[in-house]
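# Examining the three-dimensional arrangement
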Amino acid sequence: MNTLESKLGEVDPQIVEIASKDLTRQQNSLMLIPSENYASRAVMEAQSSVLANKYAEGYPGERYYNGCKFMDETESLAIARAKALFGAEHVNVQPHAGSQANMAVYHALLEPGDTILGMSLSHGGHLTHGDNVNFSGCYYNVVGYGVDAKTERIDMEEIERLAVEHRPKLIVVGATAYPRHFDFSEWRQVADSVGAYLLTDIAHIAGLIAGGVHPDPVPYSDVVTTTTHKTLRGPRGAMIMCKSEYADKIDRAVFPGLQGGPFLHTIAARAVAFKEASEPAFKIYQAQIVKNAKALAARLIENGFRLVSGGTDNHLMLMDLTSKYEKLSGRQAADHLEDAGIIVNKNTIPFDKRKPRTTSGIRIGTPMITTRGMKEDEMIQVADFIAETLENRQKASIKRRIREKVNEFCAQFPIYEYLG
Ligand SMILES: *Cc1c(COP(=O)(O)O)cnc(C)c1O
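Residues numbered from 1 in each chain as written. Predicted model: local features only at pLDDT ≥ 70, side-chain atom pairs only at ≥ 80, totals over all residues. Heavy atoms only, no water.

### Considering the domain arrangement of the protein chain
By domain assignment, the protein chain separates into domain 1 (44-277) and domain 2 (281-411). Of note, the centres of domain 1 and domain 2, computed from C-alpha atoms alone, are 28 Å apart. Every contact between the two is made by 27 residues of domain 1 and, on the other side, 28 residues of domain 2. Interface of domain 1 and domain 2: buried area, both sides summed, is about 2,300 Å²; carbon and sulfur atoms make up 56% of it. The interface formed by domain 1 and domain 2 holds two salt bridges in total. A salt bridge links Arg-306 to Glu-152; the nearest nitrogen and oxygen atoms lie 2.9 Å apart. (Domains from an automatic or database assignment. Contact = heavy atoms within 4.5 Å. Buried area = accessible area lost by both parts, 1.4 Å probe. Salt bridge = Lys/Arg side-chain N within 4 Å of Asp/Glu carboxyl O.)

Below you can see the structure in the form of structure tokens.
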């Protein structure tokens, strides 16, 4: 399997060598970071196409550059496919990444100093939902919400109480590390009760929503943002969906508000991903992600680990390490697992006593191992690899042996066989 053009090998063998080594790593590791995926070969080809060569500031039909006929065709196709896939009234496919998409929404609908109600980073929210190290926490007055201490789930009565008390102009619902469903109709009610805009950030769960295995926020939200490279399995990038009444504001906030020229090559790749996501196989894939997450969660619990909120409804889970190994931090656990070829990331758990750089948890997701064809039976093996590694974390020779077993296991699921 060689996804790299041979010309690149001639011109820059160093880059080819680095990329080839990472291809080997991607093949031989159990990649369990829930925000990552393997983009298809078709998506990667579109990204490396000549569409990268053109400036096209503006929107289809109203560009600030000449020679944009095919840029217009590309972007219009991406927009039409995204609208059909999500049932959105208006779509902007230009944001370079999820953070820029959220920034554009704030820029469109808020003034600096306005109040946002968003999920705290330490409870599973994203940096751009108002964290104080992020622009969102600097320019807006942020009120954070978290999960209930006992259930570790969002408590809608608490959200309502915070909304009534702080009267936010915008409420952000969505997360990077929340293993449960959101009830979007309830969020809509809370937003309406205080006259707030409702922004739903589906960066993590967009694929699940497109695949019909997660509640759909589009009918309930004023604006929906998403990345295109997580469960949606497209190229790196993002998009904003909104009701028609906000279309002009959103478009102007993206360009000329925040960005210059759109990346038409990745917009073309987004169009390819939307096409792939509209095919029946994608629904089956998304359903399998969820089945795999449930199977993996169940087996981790059998291995004595506690999962935040007791399990998962989506593609990810948060493992609370303190329940089994008091002294083991998320950071250490993730490093030990990497020694065995298992790639996860450290993550705070709700009410974590450790700092974000250390953490007491790890976040585990099934999108990538599902892409390569693994099913429920394999999840038992994956959970056991994790448990065995952490149990033997001080024993380098055992970790090496597990590394070899992980290699052999991964060899049965060649990554690009499933993607064409
Ligand atoms: C990943 C993520 C983003 C940001 O995406 P980038 O492309 O990394 O900027 C925004 N919101 C949520 C909820 C995310 O999970």
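### Quick word on helix 16 (residues 396-411)
For helix 16, built from 16 residues, the straight-helix expectation of 22 Å at 1.5 Å per residue is met to within 8% by its first-to-last C-alpha distance of 23 Å. Where helix 16 is concerned, the buried positions are Ile-398, Lys-399, Ile-402, Val-406, Phe-409 and Cys-410. In a view along the axis of helix 16, the buried residues occupy a sector of 110°, so they form one face of it. Opposite the buried face of helix 16, at more than 90 degrees from it, the exposed residues are Arg-400, Glu-408 and Ala-411. Contact partners of the buried residues in helix 16: helix 2 (13-28), strand 1 (30-31), helix 13 (330-339), strand 13 (342-343) and helix 15 (376-391). (Helix = DSSP H or I, 4+ residues; strand = E, 2+ residues; numbered from the N terminus. Expected span 1.5 Å × (residues − 1). Buried < 20%, exposed > 50% of the residue type's maximum accessible area, 1.4 Å probe, protein only. Arc of directions from axis to C-beta.)

### A look at the sheet that holds strand 11 (residues 306-307)
Spatial ordering of the open sheet is given by 11-12-15-14, a layout of four strands whose pairing is antiparallel. Two strands bound the open sheet, and with one partner strand each, they are strand 11 and strand 14 (345-347). Across three bridges, strand 14 lies against strand 15 (residues 361-365) in antiparallel orientation. Note that in strand 15 the partner of Lys-346 across the bridge is Ile-362. Sitting on the sheet, helix 13 is in contact with strand 14 and strand 15, with an inclination near 45° to strand 15. (Pairing = 2+ DSSP bridges. Axes fitted to C-alpha atoms, helices over the stretch in contact; angles between N-to-C directions.)

### Section: the nonpolar core
Formed by 38 residues in total, the largest nonpolar core has its most connected members in Phe-86, Val-91, Val-93, Ile-202, Leu-232, Met-239 and Met-241. Top element by residues in this core is helix 11 (residues 264-277). It accounts for eight residues. Composition of this core by domain shows at least three residues from each of domain 1 (44-277) and domain 2 (281-411). Setting aside its immediate chain neighbours within four residues, Val-93 contacts Glu-75, Ala-78, Ile-79, Ala-238, Met-239, Ile-267, Arg-270 and Phe-274. By size, the runner-up hydrophobic cluster in this structure holds 37 residues, among which are Ile-342, Ile-364, Val-382 and Ala-383. (Core = buried A, V, L, I, M, F, W, Y, C linked by side-chain atoms within 4.5 Å.)

### Section: the site of the ligand
Of all residues adjacent to the ligand, which total 13 residues, the nearest are Gly-98, Ser-99, Asp-201, His-204 and Lys-230. Between the ligand and Ser-99 there is a distance of 2.8 Å, counted from an oxygen atom to a side-chain nitrogen or oxygen. The separation between a nitrogen atom of the ligand and a polar side-chain atom of Asp-201 is 2.5 Å. Here the ligand, which alone exposes 380 Å², has 85% of that area covered by the protein. For the shell around the ligand, the element with the highest residue contribution is helix 5 (residues 98-109), accounting for three residues. Looking at the shell around the ligand residue by residue, the class counts come to three nonpolar, eight polar and two charged. (Near = heavy atom within 4 Å. Polar contact = N/O pair within 3.5 Å; in protein donor to acceptor, adjacent residues only side chain to side chain. Areas by Shrake-Rupley, 256 points an atom, 1.4 Å probe, with all protein chains shown as cover. Nonpolar A, V, L, I, M, F, W, Y, C, P; charged D, E, K, R; others polar.)

### Details of the pairing of strand 5 (residues 115-119)
Burial within strand 5 is extensive, with five of its five residues counted as buried. The sheet contact formed by strand 5 and strand 6 (residues 141-145) spans five bridges and is parallel. Its bridge partner lying in strand 6, Ile-116 is registered against Val-142. Bridge analysis of strand 5 against strand 7 (residues 170-173) gives two bridges, and the strand direction is parallel. Note on strand 7: the bridge partner recorded for Leu-117 is Ile-171.

### Digging into the packing of helix 12 (residues 280-302) against helix 15
Running from N to C, helix 12 and helix 15 point in directions that differ by 40°, and their axes come no closer than 8 Å. Considered as vectors, helix 12 and helix 15 are oriented oblique to each other. Remark: the crossing between helix 12 and helix 15 carries right-handed chirality. On helix 15, the residues touching Gln-288, Lys-291, Asn-292, Ala-295, Leu-296, Arg-299 and Leu-300 of helix 12 are Glu-376, Met-379, Ile-380, Val-382, Ala-383, Asp-384 and Ile-386. Per-class residue counts for the contact of helix 12 with helix 15 are eight nonpolar, two polar and four charged. (Parallel < 35°, antiparallel > 145°, perpendicular 65-115°, else oblique. Left-handed = near helix turned anticlockwise from the far one by under 90°.)

### Quick look at unusual backbone geometry
A cis amide bond, omega 10°, links Phe-255 with the succeeding residue Pro-256. Residue placement: Pro-256 occurs in helix 10 (residues 247-258). In the Ramachandran plot, Glu-152 falls in the positive-phi region, its phi being about 60° despite a non-glycine side chain. Within the element layout of this structure, Glu-152 appears in the loop between strand 6 and helix 7 (156-166).

### A few points about the pattern of salt bridges
Applying the stated rule across the entire model yields 19 salt bridges. The salt bridge partner of Lys-294 is Asp-313, with a shortest N-O separation of 3.9 Å. You can see Lys-294 sitting in helix 12 and its partner Asp-313 sitting in the loop between strand 11 and strand 12 (316-320), a full 19 residues away along the chain. By relative accessible area, which is 41% here, Lys-294 ends up partly exposed. Several salt bridges share partner residues, and in doing so they unite Arg-63, Asp-72 and Glu-75 into one network.

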